[in-house]
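Descriptive structure summary
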Amino acid sequence: MSKKELRFNSKTIHGGQHPDEAYGAVMPPIYQTSTYAQTTPGGHKGFEYSRSANPTRTALENALASIENGTYGLAFASGLSAIDAVIKLLEPGDEVVSTNDLYGGSYRLFKRIFEKYGIKFHFVGMQDVDAIEAHINNNTKLIWVETPTNPMMNIIDIKAVSTLAKKYRVLLAVDNTFATPYLQRPLDLGADIVMHSATKYLGGHSDLVVGALVVKDKELADKLYFIQNASGAVCGPMDSFLTLRGIKTLHVRMQRHCENGEAVANYLAKHPKIEKVYWPGFESHPNHDIAKSQMSGFGGMISFVPKGSSYEEAIKIVEKLEVFTLAESLGGVESLAGHPASMTHASIPKEEREKTGIVNTLIRLSVGIEDAADLIADLEQAIG
Ligand SMILES: *Cc1c(COP(=O)(O)O)cnc(C)c1O
């Protein structure tokens, strides 16, 4: 059986991989080198300088392409530098329609860096696909989708947005950080570019900062590779190795993240002191049907609002947690809790935040792969 035909749970381990040519090492060696000996000018074995390409990074890039059902993978120094490369496809005067409820750092990059260079961003509630169409004009070049959204767990219909993108000949990029290819594969649903903060679930162990892009189209891959090499925010060999190692257990970790996420979401939903729980697995979730059709599970990201609580009381809950660590980030084996308004989303103005539901008492959980009973007991003692 060719490795091309493997199922997802085998692709995480074998996709795009082969034993190292020098000694047959099963894991690609960490090629900690900047340059490569040449026999004559240009006489090299495919690698000249590690910004342009490095064998450990190439191994990761091939794995990324495989698990997202793409053709070309590109690994960056961070998720934000991967997004930066996508926006650099554009020119002054171009416009982007973006999800309104998105990662705070993506919003900051769009508003504070790229608007200065004459690129215009429209932030739209994309659960309503017609609202996207209303913002498309002749200058629109890109639709930027994040789903599930962060931290409100809204679900955007990737297939419907891709139909719209094709109608207007606009690129569609999807930030797939929350779902991972285990749950959702945007290229199969018609997206042109998939982006990851591999810092989160792909790496999975909270021990690195890495970004990724995956595409199918060669011309688009060439343009992005040109930007990656010209701007230089590449993923180093050590981080490439660690990300690759993380990807090998993605499917087993995600299975447990989903199970624990469901247990914690159900516990919170029944708790008398909890006002609202945001998790796409609930049948009452407004976009549950779309989640069910485009995702194979609902993940371990949950947001909730304690009943009648003040800002101080919400802060007290996250401070009291002992198994959950109060920290930025998500997607690691350990459970994390965060307070978006003061942490991950502090760079979004309060009025903008509250428009999308990020109230001052919202708490976000990244449910890890510990024993679910310990996670629930921890929440119980913190919520009281
Ligand atoms: C963390 C994150 C990013 C940014 O990635 P970095 O690796 O921190 O640069 C982008 N999108 C989402 C959804 C994220 O969670």
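About the criteria used
Residues numbered from 1 in each chain as written. Predicted model: local features only at pLDDT ≥ 70, side-chain atom pairs only at ≥ 80, totals over all residues. Heavy atoms only, no water. UniProt positions renumbered as here; feature names shortened; annotations may be inferred. Axes fitted to C-alpha atoms, helices over the stretch in contact; angles between N-to-C directions. Helix = DSSP H or I, 4+ residues; strand = E, 2+ residues; numbered from the N terminus. Left-handed = near helix turned anticlockwise from the far one by under 90°. Contact = heavy atoms within 4.5 Å. Nonpolar A, V, L, I, M, F, W, Y, C, P; charged D, E, K, R; others polar. Near = heavy atom within 4 Å. Polar contact = N/O pair within 3.5 Å; in protein donor to acceptor, adjacent residues only side chain to side chain. Areas by Shrake-Rupley, 256 points an atom, 1.4 Å probe, with all protein chains shown as cover. Domains from an automatic or database assignment. Buried area = accessible area lost by both parts, 1.4 Å probe. Salt bridge = Lys/Arg side-chain N within 4 Å of Asp/Glu carboxyl O. Pairing = 2+ DSSP bridges. Buried < 20%, exposed > 50% of the residue type's maximum accessible area, 1.4 Å probe, protein only.

Looking at an unreviewed UniProt entry, one finds the chain named Cystathionine gamma-synthase, with Flagellimonas iocasae as its source organism. Within the UniProt record for the chain, the comment given under Sequence similarities (unreviewed entry) is "Belongs to the trans-sulfuration enzymes family." The Cofactor (unreviewed entry) comment attached to the chain in UniProt states, word for word, "pyridoxal 5'-phosphate".

1. Topic: the packing of helix H2 (residues 55-67) against helix H9 (residues 237-247)
Contact geometry of H2 with H9 gives a least axis separation of 8 Å together with a crossing angle of 35°. Of the two elements, H2 crosses H9, and the hand of that crossing is left-handed. Along its contact with H2, which presents Thr56, Arg57, Ala59, Leu60, Ala63, Leu64 and Ile67, the element H9 presents Pro237, Ser240, Phe241, Thr243, Leu244 and Ile247. Within the contact of H2 with H9, the residues separate by chemical class into nine nonpolar, three polar and one charged.

2. Things to note about the site of the ligand
Around the ligand lies a shell of 15 residues, among which Gly79, Asp175, Ser197, Thr199 and Lys200 are the nearest. At 2.9 Å from an oxygen atom of the ligand is found a main-chain nitrogen or oxygen belonging to Gly79. Contact with the protein chains removes 94% of the 380 Å² of surface that the ligand exposes when unbound. The set of elements that each furnish at least two residues to the shell around the ligand consists of helix H3 (79-87) and strand S6 (193-197). Tallied by class, residues from the shell around the ligand come to seven nonpolar, five polar and three charged.

3. Digging into the domain arrangement of the chain
Assigned domains of the chain: these are domain 1 (3-247) and domain 2 (251-383). Its C-alpha centre places domain 1 at a distance of 26 Å from the equivalent point of domain 2. With 41 residues of domain 1 at the interface, the matching set in domain 2 holds 42 residues. In this assembly, domain 1 packs against domain 2 so that about 3200 Å² is buried in total across both faces, 62% of it on carbon and sulfur atoms. Per-residue buried area on domain 1 facing domain 2 is highest for Met152, Leu183 and Tyr201; these three make up 24% of the total on that side. Linking domain 1 to domain 2 there are zero salt bridges. Our count for the domain 1 to domain 2 interface comes out at 17 residue pairs in polar contact (both at pLDDT 80 or more). Among the secondary structure elements, those contributing two or more residues to the side of domain 1 that touches domain 2 are helix H1 (8-14), helix H4 (104-113), helix H6 (158-167), helix H7 (180-183) and H9.

4. A few points about the sheet that holds strand S8 (residues 274-278)
The mixed open sheet is built from five strands, whose spatial order is S8-S9-S12-S11-S10. Every other strand in the sheet has two partners, leaving S8 and strand S10 (325-326) as the edge strands with one partner each. Bridge analysis of S8 against strand S9 (residues 301-306) gives four bridges, and the strand direction is antiparallel. Among the inter-strand pairings, Lys276 is bridged to a residue of S9, identified as Val305.

5. Let's talk about the pairing of S9
Extensive coverage of S9 is indicated by the burial of six of its six residues. Taking every second residue as pointing to the same face, both faces of S9 are buried, with Met301, Ser303 and Val305 on one and Ile302, Phe304 and Pro306 on the other. Inspection of the sheet shows S9 paired to strand S12 (residues 363-366) by four bridges, in the antiparallel sense. Bridge pairing in S12 links Ile302 to Leu365.

6. Looking at the sheet that holds S6
Pairing in this open sheet of seven strands is mixed, and the strands run S1-S7-S6-S5-S4-S2-S3 from one edge to the other. Every interior strand has two partners, whereas the edge strands, strand S1 (72-76) and strand S3 (120-124), have only one. When strand polarity is set aside, the average angle formed by the axes of neighbouring strands in this sheet is 20°. In this sheet, strand S5 (residues 171-175) lies alongside strand S4 (residues 140-146) in parallel orientation, the contact comprising five bridges. Bridging across to S5, Ile143 finds its partner in Leu172. Helix-sheet contacts for helix H8 (residues 218-231) involve S1, S5, S6 and strand S7 (211-215), and the interaxial angle to S1 is about 20°.

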